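Spelled out, the chains give:
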Amino acid sequence: MKVLCFGSANIDYLYELEHFVLPGETISSKNLTKNSGGKGLNQSIALAQAGVSVEHAGCVGRDDGDFLLSTLHSYAVGTKHILKVDCPSGHAIIQVTSQGENSIILYTGANHMLSEEQIDTVLSDFSSGDFCILQNEINGIESILRKAAKKNLRIVLNPSPFSPEILNLPLELVEYLFLNEVEASQLTGLDSLSAIESDLCRRFPHTKIVLTLGKQGSVFLHGSVREVCGIFDVPTVDTTAAGDTFTGFFIASVLREKPISHCLQVASAAAALAVCKKGAAQSIPTWNEVEMFCLHHQPTAFASQESI
Ligand code: RIB
């Protein structure tokens, strides 16, 4: 069984500020770092850090993509399905405040240069039962979804950042659907947790749904199965890539055939460790670090709030 992460790779410019820049305001940042990121690259690295052998597929810029490729190589992520194209790599301008909150501007760049030919070539290397992990920072998502489903790949989708096109995707083809509270609300048009859960279970009865609800914790839904997990309460330095870390470690735990309660706990612990460090890819812990952390820490009780 092979694992493919078909997704974005971004050069993240991380600006550290006292507060987010306001309309009409000019402020100097306290620090600037250039890091590797992008939801696809982060999820590939989270899987690799959790011990999964993963191939990343996508596009980077011919002139600036080596920075991203060398990061993926350093985590032993496979890069043979990454094409260099004549366009700058995707990048993100990330503001992080001293409270650890972030706000992100994305430039899609090479991430939106996928062709049908590349999609076909990549998928021809995978077969029935292999995993295909997707986010929403590349073009061609619908095509990849349909073609991967036709080949009987096991599809994981984290439709982040959410865009209206997500509403028209054949989401019933997805085996694992990861949504944060904002995405769950946008997908259902609802804002009460119980209504959102009922709606998702009714519309996608065969899909395993994982909701990440910030400080409340996380919820797994599949048919009549509902499992919840609280959070590991840690001081927040930077939340960038916490969701990607959660997704990568959850799927890695599924691949290790752990029970769902354990998958939620490991993913939450990994995300907690990621928020303790600055940056995206470089904040993602190893499986051993997560195991050690879980030996000495317990999650809070799931904070059941009706409104999300
Ligand atoms: O999920 C975090 C990521 O979102 C960042 O690394 C940034 O590149 C944006 O894609």
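All of these numbers come straight from a predicted model, not from anything done at the bench.

## Things to note about the overall build of the protein
Step number 1: Along its length, the protein carries 9 helices and 13 strands.
Step number 2: Taken over C-alpha atoms, the radius of gyration comes to 18 Å for the protein, in line with the 19 Å a tight globule of 308 residues would show.
Step number 3: Taking the principal axes of the C-alpha coordinates as reference, the protein spans close to 50 × 50 × 40 Å.
Step number 4: Out of the 308 residues in the protein, the part that is buried amounts to 54%.
Step number 5: Partitioning the contacts of the protein with sequence separation of at least 6, the portion at a separation of at least 24 is 66%.

## Some words on the environment of Phe220
Step number 1: Tracing the chain through its elements places Phe220 in strand S12 (residues 218-222).
Step number 2: The exposure class assigned to Phe220 is buried, which follows from its relative accessible area of 3%.
Step number 3: Sequence-distant contacts of Phe220, defined by excluding residues within four places in its chain, comprise Tyr176, Lys208, Ile209, Val210, Val225, Arg226, Glu227, Phe250, Ile260 and Leu264.

## Comments concerning the sheet that holds strand S1 (residues 3-6)
Step number 1: The 9 strands are arranged S5-S4-S1-S8-S9-S10-S11-S12-S13 in an open sheet whose pairing can be described as mixed. Of all the strands in the sheet, just strand S5 (78-85) and strand S13 (225-229) have a single pairing partner and so form its edges. This sheet shows a mean twist of 15° between the axes of neighbouring strands, independent of strand direction.
Step number 2: Across 4 bridges, the pairing between S1 and strand S8 (residues 131-134) is parallel. Bridge pairing links Phe6 to Leu134 in S8.
Step number 3: Most of the contacts of helix H7 (residues 242-255) go to strand S10 (residues 176-180), to which it runs at about 150°, and overall it touches S1, S8, strand S9 (154-157), S10, strand S11 (208-212) and S12.
Step number 4: The sheet strands contacting helix H8 (residues 260-275) are S11, S12 and S13, and the helix crosses S13 at an angle near 30°.

## Examining the pattern of salt bridges
Step number 1: In the structure shown here, the tally under the stated rule is 15 salt bridges.
Step number 2: Among the ionic pairs, Glu175 bridges to Arg154, the shortest N-O distance being 2.7 Å. One end of the pair, Glu175, is in the loop between S9 and S10; the other, Arg154, is in strand S9, with 21 residues separating them in the sequence.
Step number 3: Connected through shared salt-bridge partners, Lys2, Lys80 and Asp125 make up one network.

## What about the site of the ligand?
Step number 1: In the vicinity of the ligand there are 14 residues, among which Asp12, Gly38, Lys39, Glu137 and Asp244 approach most closely.
Step number 2: Interatomic distance of 2.9 Å between a backbone N/O atom of Gly38 and an oxygen atom of the ligand.
Step number 3: Between an oxygen atom of the ligand and a side-chain N or O atom of Lys39, the distance comes to 2.8 Å.
Step number 4: Burial of the ligand by the surrounding chains reaches 95%, relative to a free accessible area of 280 Å².
Step number 5: According to the grid-proximity analysis, the pocket containing the ligand is the largest pocket.
Step number 6: A breakdown of the residues in the shell around the ligand according to their chemical character gives 5 nonpolar, 5 polar and 4 charged.

What counts and what doesn't
- Residues numbered from 1 in each chain as written.
- Predicted model: local features only at pLDDT ≥ 70, side-chain atom pairs only at ≥ 80, totals over all residues.
- Heavy atoms only, no water.
- Helix = DSSP H or I, 4+ residues; strand = E, 2+ residues; numbered from the N terminus.
- Rg over C-alpha atoms; globule rule 2.2 N^0.38 Å.
- Buried < 20%, exposed > 50% of the residue type's maximum accessible area, 1.4 Å probe, protein only.
- Contact = heavy atoms within 4.5 Å.
- Pairing = 2+ DSSP bridges.
- Axes fitted to C-alpha atoms, helices over the stretch in contact; angles between N-to-C directions.
- Salt bridge = Lys/Arg side-chain N within 4 Å of Asp/Glu carboxyl O.
- Near = heavy atom within 4 Å.
- Polar contact = N/O pair within 3.5 Å; in protein donor to acceptor, adjacent residues only side chain to side chain.
- Areas by Shrake-Rupley, 256 points an atom, 1.4 Å probe, with all protein chains shown as cover.
- 1 Å grid on protein atoms, 1.4 Å probe; cavity = no way out; pocket = protein on both sides within 12 Å on 5 of 7 lines; lining within 4 Å.
- Sits in = over half its atoms within 2 Å of the grid points.
- Nonpolar A, V, L, I, M, F, W, Y, C, P; charged D, E, K, R; others polar.

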